[in-house]
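# Residue-level structural notes
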Amino acid sequence: MKLTRILFSVVALSMACATHAQQISITSGSATSCTGVIEDSGGPNASYSDNENITFTICPDVPGNVVYLTWFVFNLSTAGNNDDNLTIYDGDNTSAVSLGSYTGSALQNLVVSGTVFNTSGCLTLVFQSNGTGTGEFAC
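Residues numbered from 1 in each chain as written. Predicted model: local features only at pLDDT ≥ 70, side-chain atom pairs only at ≥ 80, totals over all residues. Heavy atoms only, no water.

With that settled, the discussion passes to the packing of aromatic side chains. According to the stated counting rule, one finds 6 aromatic pairs in the structure shown. Centroid distance Tyr 48 to Phe 137: 6.2 Å. Interplanar angle 45 degrees. Geometry classified as tilted. Taken together, the residues Tyr 48 in the loop between strand S3 (37-39) and strand S4 (53-59) and Phe 137 in strand S11 (residues 136-138) connect sequence positions 89 residues apart. No difference in accessibility class separates Tyr 48 from Phe 137, as the two residues are buried. Summarising the aromatic geometry, the rings of Trp 71 and Phe 74 are spaced 5.5 Å apart at their centres and angled 80 degrees between planes, so their arrangement reads as edge-to-face. Considered together, Trp 71 and Phe 74 belong to a single accessibility category, that of buried residues. Connected via pairs of aromatic rings, a cluster forms that spans Tyr 48, Trp 71, Phe 74, Phe 127 and Phe 137. (Phe/Tyr/Trp six-rings, centres within 6.5 Å; stacked < 30°, edge-to-face > 60°. Helix = DSSP H or I, 4+ residues; strand = E, 2+ residues; numbered from the N terminus. Buried < 20%, exposed > 50% of the residue type's maximum accessible area, 1.4 Å probe, protein only.)

These figures capture arrangement, not role.
Printed below as a string of structure tokens:
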């Protein structure tokens, strides 16, 4: 009986979040959400541009939760001297610990989340593209 109530609560919560799913452009600067799609500056039908330098922070809509990002598209350009890259920080700003800097298809189909040391539950993304070649990403 207790397990049934817990499962029902999880299913009900999942359905409540799903009704608020949104598309979020990385250019918006920040977001608070339980579900949605974060897209590069080109949106769902185009690539990002050359010479971008964008910082974006996403935080959970429920205090105490942690953001999980599942990368279903990650194809950054590796043309030019410095590869286009995305650095992910474990917190609500770039002074937090870096979880890594990724390029090419390094994050394709992977999940990145905040750690137990992250009291905000937020992740901060810094995307940089060079002047040669473009790509796309979404999570």
